[in-house]
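# What the coordinates show
Letter by letter, the chains look like this.
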Amino acid sequence: MATAKQGSKTVSKPPTGGTGAASAPGAPPAIPLASPLMGKKKKPFLGMPAPLGYVPGLGRGATGFTTRSDIGPARDANDPVDDRHAPPGKRTVGDQMKKSQEEDEEDLNDTNYDEFNGYAGSLFSSGPYEKDDEEADAIYAALDKRMDERRKERRELREKEEIEKYRMERPKIQQQFSDLKRKLSEVSEEEWLSIPEVGDARNKRQRNPRHEKLTPVPDSFFSKHLQTGENHTTVDPLQGLGGLNTPYPGSMTPGLMTPGTGDLDMRKIGQARNTLMDMRLSQVSDSVSGQTVVDPKGYLTDLNSMIPTHGGDISDIKKARLLLKSVRETNPHHPPAWIASARLEEVTGKLQVARNLIMKGTEMCPKSEDVWLEAARLQPGDTAKAVVAQAVRHLPQSVRIYIRAAELETDVRAKKRVLRKALENVSKSVRLWKTAVELEEPEDARIMLSRAVECCPTSVELWLALARLETYENARRVLNKARENIPTDRHIWITAAKLEEANSNTQMVEKIIDRAITSLRANGVEINREQWIQDAEECDKAGSVATCQAVIRAVIGIGIEEEDRKHTWMEDADSCVAHGALECARAIYAHALQVFPSKKSVWLRAAYFEKNHGTRESLEALLQRAVAHCPKAEVLWLMGAKSKWLAGDVPAARSILALAFQANPNSEEIWLAAVKLESENNEYERARRLLAKARSSAPTARVFMKSVKLEWVLGNIEAAHDLCTEALKHYEDFPKLWMMRGQIEEQCENMDKAREAYNQGLKKCPHSVPLWLLLSRLEERVGQLTRARAILEKARLKNPQSPELWLESVRLEFRAGLKNIANTLMAKALQECPNSGILWAEAVFLEARPQRKTKSVDALKKCEHDPHVLLAVAKLFWSERKITKAREWFLRTVKIEPDLGDAWALFYKFEMQHGTEEQQEEVRKRCENAEPRHGELWCAESKHVLNWQKNIGEILTLVASRIKNTF
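Here's a quick rundown of the structure. Just so we're clear, the structure is a prediction, and the values are computed from it rather than from any experiment.

### Some points on the overall build of the protein
Along the protein, the regular secondary structure elements total 52 helices and two strands. By the burial criterion, 35% of the 967 residues in the protein qualify as buried. Counting contacts in the protein only where the partners sit at least 6 residues apart, residues at least 24 apart contribute 49% of the total. By element, 52% of the accessible surface of the protein is carried by carbon and sulfur atoms, the whole surface being about 61700 Å².

Here it is, written out as structure tokens:
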């Protein structure tokens, strides 16, 4: 037992012949002595960390063994797999092992063999895949790809034809009904509503299911069977009563059963229920003050949400009625409770109950205006008068009640009587005086107003009304008194100024306005610039021009920093023009020109204002002053000359240009304006002399270009050619000269020389897009489509992100009949120029009709305010015969970009087909005023040598006649 207890201890036994003795029991074990031999046998790497990459046992091949702890417990073939949602046949371990074995084995069955292809699977899939196998597969794949490329074009063409044929035979539902869907927009609301509903195909029993009808059992049924005590199989009286006869202590409600008879007293049940409701409502009452704890306004707010707009929900009306009853009882002197109760009854159709309630409210709240007015509203005519009379006795100072009393009277004399009686009691009410004066004749009104201003001396409206009714002298006295009584109101001063202007005393207007500013400042009134300008606009609209201008001059500079004056005044002028106050804007411009006499921009703004809103005389007078102050401003001289020329005064226009020459010697603009003036008036020799003088004294590229153009349009082709050659010696980088030279050669049918001119021009001006377009169109015209395509591709490389070049490329393919290539190019163009309006406009009409609307929506998202996109949408509506919408979009287009001639031409063509003569004439006039200069169709006609003398209206008609409705 001792050894068992000391199991952890061991006794060391020395070897035979040793000198040591055995250790005593319980002593520590003996440790052998270290010898030199043992130290020599010890390996040096023991106890040291293993080197990097060392794997134990790798040298003797003792690696890769796996124990049961690594792979888990062994599993029986019938054990379920871990996947709880495995499909049938894979739910046990045995099933999955069997399946994997089947997959590994190759299926060499005869059914899997084909005479041509052999077995369906790979016979050698289980064998090793070596490098020569990979090379063989690569060679076969290359052969297959090569063979596929040889047949690719034919195969794709055949597939495309098959798809098109299939689409024609079996079109999509969307394509079949696209025309009908477009016509849905023409269906009116009445036609839509007259379409019959789809019938119900179910049988009668399914359509009309018979619901179980439950009829509530009346109370008389229970009371009858309680008296008789009979038993029935259908209704158990004890169950029907819900335990009323159960002899459980405390369960019988006292008084429900009549003693001795067993009768159920339904009246007492109702009384008990009302008592319970009263108890609950009285719990919210405060026993100390007698006031309700809950805010009555909160009750009324809840009531507003409870009152139904129609008598549909009876339970809500009952709740509201109880709630309002509680408010009335807990706080009977709260007027809104009575008003809300009466309106509730009015809404529910109980008008008499509402009248009774509101009359009781007048008794409880006799000093409330609102309650009396509500009572007068609910009562019929004569009764309402009596109610108002009673209200006046309780509230003799109430203006609203007097006004209501006057409204109840139907006779004018009776109304006057009521209002005069009211004014005896409430003489300080401006509203009563105004209402009474409105009923009087002018003479009586003047007398009443003279009394009114005595009673209400601080009412500006009464003073001004009296001044309007008085004579000139009396009105001046009235306004002087008004200024004494109300020294802080600006309207009295402005009315006084208008009075003087109306009586032709215009020299006093300026003094009155200046005194007004001084007096109001002395009385501590802040001069609000915006309010005074608004008053000036009102004076302008009322026809008081002098007063309006005086007000503008007095206040236009108040409260503005010196450096902000010009900018602020220009904004004020634009605002006045937008509000229709043209005289105010003219006064602002006049003041700005006095302060900034040498500012060319201010003179220009004023000149454009006079051009758009003034007369020709006012414009010419302004321009004369302008050129005197700004003689170096060429545009002002040119505007003056043009105004004289349009009025038919050619000598005056020449004299203005002569003065302009003196002020601006060698000015290109003035030289060209003089040339245009002479050429437009058929003075060709004078124009030639002017151009020759200009070429010698002020030679510029534009002067040479105009010289060439003049000789060209006059038919002197040789002179034009010589001038062009001379010009190109000096200005070879001016692309318009190269264009004109090429076009002259084209006109002479010298295509090779024209091509050479364009090519030379492109060497000097590679970034000129019109030159590239002209060369491309020349090659297309002579039938060199491939060369034209190559030229455009080169142009796009030289000028990336140029929408005009992309558009020409798309149109080139479209004109050649290659619609698919055109669509591809358009897609690339929109990727490179995603915000180009001309490309999106063209893309809309490249689509088939059903897809155009979708494309137009995409275009509007990308280019919302681009005129070309808006014009494309207008054409789209026009093509769909949506006349009103098309007109709206045309108007929107010409408003955004009035310089786009194509929009005006299409709009005019549209009105010629669908509009009246007045609408056509309006478009024509607006186009002439806008003077458009750009647009593809417009420039093709306006810059043609045969149309050089035609005016805007003639070009508009010509362009519109060339437009064909092919969209």
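That was the structure; now back to the text.
### Quick look at unusual backbone geometry
Positive phi outside glycine occurs at glutamate 749, with the angle close to 65 degrees. Tracing the backbone through its elements, the reader meets glutamate 749 in the loop between α39 (735-747) and α40 (751-764). The phi dihedral of arginine 881 falls on the positive side, at around 65 degrees, and the residue is not glycine. Looking at the secondary structure, you find arginine 881 in the loop between α47 (867-879) and α48 (883-896).

### Thoughts on the packing of aromatic side chains
In the structure shown here, the tally under the stated rule is nine aromatic pairs. Where phenylalanine 877 meets tryptophan 889, the ring centres are 6.3 Å apart and the plane angle is 35 degrees; that geometry is what we call tilted. Here phenylalanine 877 is found in helix α47, whereas its partner tryptophan 889 is found in helix α48, with 12 residues between them in sequence. Accessibility assignment for this pair places phenylalanine 877 and tryptophan 889 in one class, buried.

### Side note on the nonpolar core
If you look at the biggest cluster of nonpolar residues, it comprises 79 residues, and the most contacted ones within it are Trp532, Ile552, Val555, Trp569 and Leu636. Leaving out residues up to four positions away in the same chain, leucine 636 has contacts with Trp603, Leu604, Leu623, Ala626, Val627 and Cys630. Counting 34 residues, the second-largest nonpolar core is a separate cluster that includes Ala727, Leu737, Ile791 and Ala795.

### Some words on the packing of helix α43 (residues 803-815) against helix α45 (residues 837-846)
Where α43 meets α45, the axes come as close as 9 Å, and the angle between the chain directions of the two elements is 20 degrees. The angle between the axes of α43 and α45 places the two elements in the roughly parallel class. Taken as a pair, α43 and α45 cross one another with a handedness that is left-handed. Across the interface between the two elements, Pro803, Glu804, Trp806, Leu807, Val810, Arg811 and Phe814 of α43 pack against Ile838, Leu839, Glu842 and Leu846 of α45. A breakdown of the residues in the contact of α43 with α45 according to their chemical character gives eight nonpolar, no polar and three charged.

### Here's the deal with a negative patch on the surface
A contiguous patch of negative charge, built from Glu130, Asp132, Glu134, Glu135 and Asp137, is present on the exposed surface. If you trace the backbone, glutamate 134 turns up in helix α5 (residues 131-169).

### Regarding the pattern of salt bridges
Considering all chains together, one arrives at 39 salt bridges under this definition. For arginine 586, the salt bridge identified is with glutamate 583, shortest N-O distance 3.0 Å. Taken together, the residues arginine 586 and glutamate 583, both in helix α30 (residues 582-595) and three residues apart, mark about one turn of the helix. Lysine 764 is the partner of glutamate 732 in a salt bridge, and the nearest nitrogen-oxygen pair spans 3.6 Å. In this pair, glutamate 732 is assigned in the loop between α38 (717-730) and α39 and lysine 764 in helix α40, connecting sequence segments 32 residues apart. By relative accessible area, lysine 764 is classed as partly exposed at 44%.

### Focus on the side chain of arginine 490
When you line up the elements, arginine 490 lands in helix α25 (residues 490-502). Side-chain polar atoms of arginine 490 contact the side chain of glutamine 531, separated by 3.3 Å. Leave out the neighbours within four places in its chain, and arginine 490 touches Leu520, Gln531, Trp532 and Asp535.

### Some remarks on the side chain of glutamate 941
When you line up the elements, glutamate 941 lands in helix α51 (residues 936-942). Within the structure, glutamate 941 has its side chain in polar contact with the side chain of arginine 962 (distance 2.7 Å). Among all residues touching glutamate 941, those that are not within four sequence positions of it are Asn947, Leu958, Val959 and Arg962.

### Some remarks on helix α49 (residues 901-914)
Helix length check: α49, at 14 residues, gives a terminal C-alpha distance of 20 Å against a target of 20 Å (1.5 Å per residue), a fit within 8%. The buried fraction of α49 is high, at 11 of 14 residues. Burial in α49 covers these residues: Gly901, Asp902, Ala903, Trp904, Ala905, Leu906, Phe907, Tyr908, Lys909, Phe910 and Glu911. Looking at the buried positions of α49, the neighbouring elements they touch are α47, α48, α50 (917-930), α51 and α52 (952-962).

### Things to note about the layout of surface pockets
Here the second largest pocket defines a volume of roughly 470 Å³. Lining the second largest pocket are 17 residues, with Ser178, Lys181, Arg182, Lys853 and Glu880 sitting closest to its centre. Among the elements of the structure, α7 (178-183) and α46 (849-862) are those that each provide at least two residues to the lining of the second largest pocket. Here the lining of the second largest pocket is composed, by residue class, of one nonpolar, six polar and 10 charged.

### A word on the environment of histidine 865
Inspection of the secondary structure assignment puts histidine 865 in the loop between α46 and α47. Given the relative accessible area of 57%, histidine 865 is considered exposed.

### What to know about the packing of helix α28 (residues 545-555) against α30
Contact geometry for α28 and α30: axes closest at 9 Å, N-to-C directions at 45 degrees. One way to sum up the angle between α28 and α30 is to call them oblique. By crossing handedness, the relation of α28 to α30 is classed as right-handed. Where α28 abuts α30, its residues Val545, Cys548, Gln549, Ile552 and Arg553 lie against Glu583, Cys584, Ala587, Ile588 and His591. Among the residues making up the contact of α28 with α30, the classes are represented as six nonpolar, two polar and two charged.

What counts and what doesn't
- Residues numbered from 1 in each chain as written.
- Predicted model: local features only at pLDDT ≥ 70, side-chain atom pairs only at ≥ 80, totals over all residues.
- Heavy atoms only, no water.
- Helix = DSSP H or I, 4+ residues; strand = E, 2+ residues; numbered from the N terminus.
- Buried < 20%, exposed > 50% of the residue type's maximum accessible area, 1.4 Å probe, protein only.
- Contact = heavy atoms within 4.5 Å.
- Areas by Shrake-Rupley, 256 points an atom, 1.4 Å probe, with all protein chains shown as cover.
- Phe/Tyr/Trp six-rings, centres within 6.5 Å; stacked < 30°, edge-to-face > 60°.
- Core = buried A, V, L, I, M, F, W, Y, C linked by side-chain atoms within 4.5 Å.
- Axes fitted to C-alpha atoms, helices over the stretch in contact; angles between N-to-C directions.
- Parallel < 35°, antiparallel > 145°, perpendicular 65-115°, else oblique.
- Left-handed = near helix turned anticlockwise from the far one by under 90°.
- Nonpolar A, V, L, I, M, F, W, Y, C, P; charged D, E, K, R; others polar.
- Patch = residues over 30% accessible without salt bridge, like charges linked within 9 Å, V, L, I, M, F, W, Y side chains within 5 Å.
- Salt bridge = Lys/Arg side-chain N within 4 Å of Asp/Glu carboxyl O.
- Lys, Arg positive; Asp, Glu negative; His and termini not counted.
- Charge placed at Lys NZ, Arg CZ, Asp CG, Glu CD.
- Polar contact = N/O pair within 3.5 Å; in protein donor to acceptor, adjacent residues only side chain to side chain.
- Expected span 1.5 Å × (residues − 1).
- 1 Å grid on protein atoms, 1.4 Å probe; cavity = no way out; pocket = protein on both sides within 12 Å on 5 of 7 lines; lining within 4 Å.
- Points joined across faces, edges and corners; volume = space filled by probe spheres on them.

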